[in-house]
Amino acid sequence: MNPLLSNNRNVQEISRLLYEPLLTLGENYELQPNLAKEWSKTGDTSYILKLRDDVKWQDGSKVTANDVQFTIDRLKDTPSIYSYQVIHVIGVDVIDEYTIRINLDTVVPFFEYNLIFPILSKNNYLNQDFTNAELNKMPWSNSMYKIVSNEGSTITLKKNENYWNKAQKDAKIETIIINLYSSMGEAYNSFKLGNVDIISTQNLNVEEYIGTMGYQKKEYKGREFDFIAMNCTDSLLSRSEVRKAVSYAIDKSGVMSSVYGGKYYMAEFPLDYGNWSYTSNNSSIGYNPDQAKQVLMDQGWQYKYGTWQKVENYRTIRLNLEMVVNSENASQVAASEIIKSNLENIGIKLKLVKVNAKQYNNYLTNKNYMMILTGINIGMSPDLSTYLGDNNLANYHTQEVTTLMSELNNITNNNEAVKEKITQLAEIYINEIPYISLYFNKNTVLYSNNLMGEIKPNNYSLFYGIENWYRHN
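The protein chain goes by Peptide ABC transporter substrate-binding protein in an unreviewed UniProt entry, where it is assigned to Candidatus Merdicola faecigallinarum. Reading the Sequence similarities (unreviewed entry) entry of the UniProt record for the protein chain gives the comment "Belongs to the bacterial solute-binding protein 5 family." Checking UniProt for the protein chain, the heading Subcellular location (unreviewed entry) contains the comment "Cell membrane".

Quick look at the structure:
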């Protein structure tokens with residue numbers, strides 16, 4: 001149950017009820033104070049955080065700056081799913097009992113969003129092996145609930161009487177029983193039998209296991225974002241009309257229907273997953289094969305002898321493209337075949353370069369592709385560096401974008417200014433099309449008809465508003 005050691009997705013979800021982070025995320029992924037009541041950027045690579053002084057561990061001792069330093073040190077020296085969030089931390093200075101300074105070795109855009117990992121108690125592990133399995137069965141809590149037993153196939157949580165948050169301290173649910181299963185199939189069956197009240201899944205075909213009746217569900221966009229990166233330094237793809245024609249020609253809905261049974265969400269922008277900083281305007285270029293042809297013709301391209309071509313400086317240029325695909329990813333291969341067919345329907349020839357995972361990663365690293373079908377687990381901050389920053393995947397650079405990215409990454413504690421810059425960058429992304437956003441995966445929370453209250457999950461937490469949940473027998 002140590003969230004720093006476990007790679008189990010369900011443990012990470014449950015840990016939100018047991019361990020508080022320095023900063024937390026709201027329902028729309030907006031950064032909010034938590035253990036840290038104040039934070040400020042004091043230099044390009046330095047941050048000061050002021051902790052609350054009224055937070056206690058379940059034994060009654062105070063949560064202090066030493067606990068934060070201890071946790072970050074463990075993330076630095078112990079493999080954890082949270083380690084990447086502190087990879088650029090080179091030191092944590094304890095200024096006083098409730099004040100810390102975090103120092104980085106480089107500028108990290110929106111670094112504050114990395115401070116959402118759970119904080120553990122230094123005293124709980126003092127002079128003991130941090131990785132000790134028995135010790136980690138019942139680590140100390142500083143949140144709404146605490147572990148009171150961890151035996152066999154169940155873990156029991158009770159309300160933490162020392163919890164600091166008065167708004168949630170009076171939660172209606174006194175006890176939570178966590179059932180342990182050796183497979184998701186067992187978990188689904190137990191849910192179907194009414195032995196479990198709430199469960200989360202990324203399974204697109206979960207109805208095959210539990211049917212469609214007798215429960216409620218909430219679906220939301222996941223973190224898996226698939227897209228096509230187009231190398232804007234390539235002689236053909238440097239032309240915006242070619243990128244637009246490719247985008248118009250791709251039937252995203254058809255790809256999702258054929259490959260994912262229509263159970264993914266169409267995407268128009270990397271932050272189009274519910275992030276507070278971006279409001280979808282549905283201006284993304286949609287499927288329009290006739291318009292794909294028109295944008296080429298408007299720029300002097302002609303369809304002759306079975307290919308699009310254009311004469312420039314007494315030389316004939318032919319529109320033949322290549323796209324790199326990971327041959328070990330069956331869904332990606334299936335999607336690429338449909339995309340190839342889509343482009344050929346309007347006369348654009350597309351060669352699929354199917355390579356193994358190692359070769360594929362080399363292409364990504366060296367960016368020596370024309371186009372590449374890829375995906376990423378998106379972060380939860382408004383950082384767009386992967387797509388529009390230095391060394392981005394599309395080799396897309398303009399002075400305007402460089403300026404906007406610099407301005408965006410230097411904004412501190414001003415959400416309206418962030419939204420303004422994101423809006424400008426999104427307009428460029430959508431109109432200039434260095435990337436074709438395809439789709440996000442779908443996550444689902446299933447809950448019994450006996451569980452009352454509003455269920456409103458996102459990728460950060462399943463438990464927003466849990467203080468108002470209750471079980472109706």
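Additional details are given in the paragraphs that follow.
Participant: Which residues make up the packing of aromatic side chains, and what values do they have?
Facilitator: Inspection of the entire model under this criterion finds 24 aromatic pairs. Residues Phe225 and Phe227 carry aromatic rings whose centres are separated by 5.1 Å and whose planes lie at 25° to one another, so their mutual orientation is stacked. Each member of the pair, Phe225 as well as Phe227, is classed as buried. Between Tyr260 and Tyr439, the ring centres sit 5.4 Å apart and the planes meet at 65°, which makes this aromatic pair edge-to-face. Of the two residues, Tyr260 is situated in helix H8 (residues 252–260) and Tyr439 in strand S19 (residues 435–448); the sequence distance between them amounts to 179 residues. With respect to burial, Tyr260 and Tyr439 carry one shared label: buried. Clustering of aromatic rings is evident, with ring pairs tying together Tyr29, Phe225, Phe227, Phe269, Tyr273, Tyr278, Tyr387, Tyr429, Tyr435 and Phe440. Over the ring of Tyr460 we find Arg16; its NZ or CZ atom is 3.9 Å from the centre of that ring. Residue placement shows Lys442 over the ring face of Tyr265; its charged tip is 5.2 Å from the ring centre.

Participant: Describe the pairing of strand S15 (residues 315–318), naming the residues involved and giving the relevant values.
Facilitator: Summarising the sheet, strand S14 (residues 307–312) and S15 pair through four bridges and their orientation is antiparallel. Following the sheet pairing, Glu312 is matched in S15 by Arg315.

Participant: Pulling in residues and values, what's your account of the environment of Ala171?
Facilitator: Note that Ala171 resides in the loop between helix H4 (166–169) and strand S9 (175–179). Its relative accessible area of 3% is what places Ala171 among the buried residues. Separated by 299 residues in sequence, Ala171 and Tyr470 have C-alpha atoms that sit 8.7 Å apart. Beyond its immediate chain neighbours, meaning those up to four positions away, Ala171 contacts Met144, Tyr145, Lys159 and Glu467.

Participant: Could you give an account of the UniProt feature "coiled-coil region" (unreviewed entry) in the protein chain, naming the residues involved and the relevant values?
Facilitator: Here, the residues flagged by UniProt with the feature "coiled-coil region" (unreviewed entry) are residues 401–428. Note that residues 401–428 is 82% helix and 0% strand, and that its end C-alpha atoms are spaced 8 Å apart.

Participant: I'd love a proper account of the layout of surface pockets, names of residues and values included.
Facilitator: Taken as a whole, the second largest pocket encloses approximately 1,000 Å³ of empty space. Of all the elements in the fold, those that place two or more residues in the lining of the second largest pocket are helix H1 (9–15), S9, helix H5 (184–192) and strand S10 (198–201). No other element matches the five residues that S9 contributes to the lining of the second largest pocket. Considered class by class, the residues forming the lining of the second largest pocket number 22 nonpolar, 10 polar and three charged.

Participant: Summarise the sheet that holds strand S8 (residues 154–159); cite the residues concerned and give the values.
Facilitator: The strand order across the open sheet built from three strands is S7-S8-S9, with neighbouring strands paired in antiparallel fashion. With partners counted over all chains shown, the strands left at the sheet margins are strand S7 (145–151) and S9, one partner each. Adjacent strand axes in the sheet meet at a mean angle of 20° when their direction is disregarded. Across five bridges, S8 lies against S9 in antiparallel orientation. Paired with Lys158 across the two strands is Thr175, which belongs to S9.

Scoring rules and cut-offs
Residues numbered from 1 in each chain as written. Predicted model: local features only at pLDDT ≥ 70, side-chain atom pairs only at ≥ 80, totals over all residues. Heavy atoms only, no water. UniProt positions renumbered as here; feature names shortened; annotations may be inferred. Phe/Tyr/Trp six-rings, centres within 6.5 Å; stacked < 30°, edge-to-face > 60°. Buried < 20%, exposed > 50% of the residue type's maximum accessible area, 1.4 Å probe, protein only. Helix = DSSP H or I, 4+ residues; strand = E, 2+ residues; numbered from the N terminus. Lys NZ or Arg CZ within 6 Å of the ring centre and 35° of its normal. Pairing = 2+ DSSP bridges. Contact = heavy atoms within 4.5 Å. 1 Å grid on protein atoms, 1.4 Å probe; cavity = no way out; pocket = protein on both sides within 12 Å on 5 of 7 lines; lining within 4 Å. Points joined across faces, edges and corners; volume = space filled by probe spheres on them. Nonpolar A, V, L, I, M, F, W, Y, C, P; charged D, E, K, R; others polar. Axes fitted to C-alpha atoms, helices over the stretch in contact; angles between N-to-C directions.

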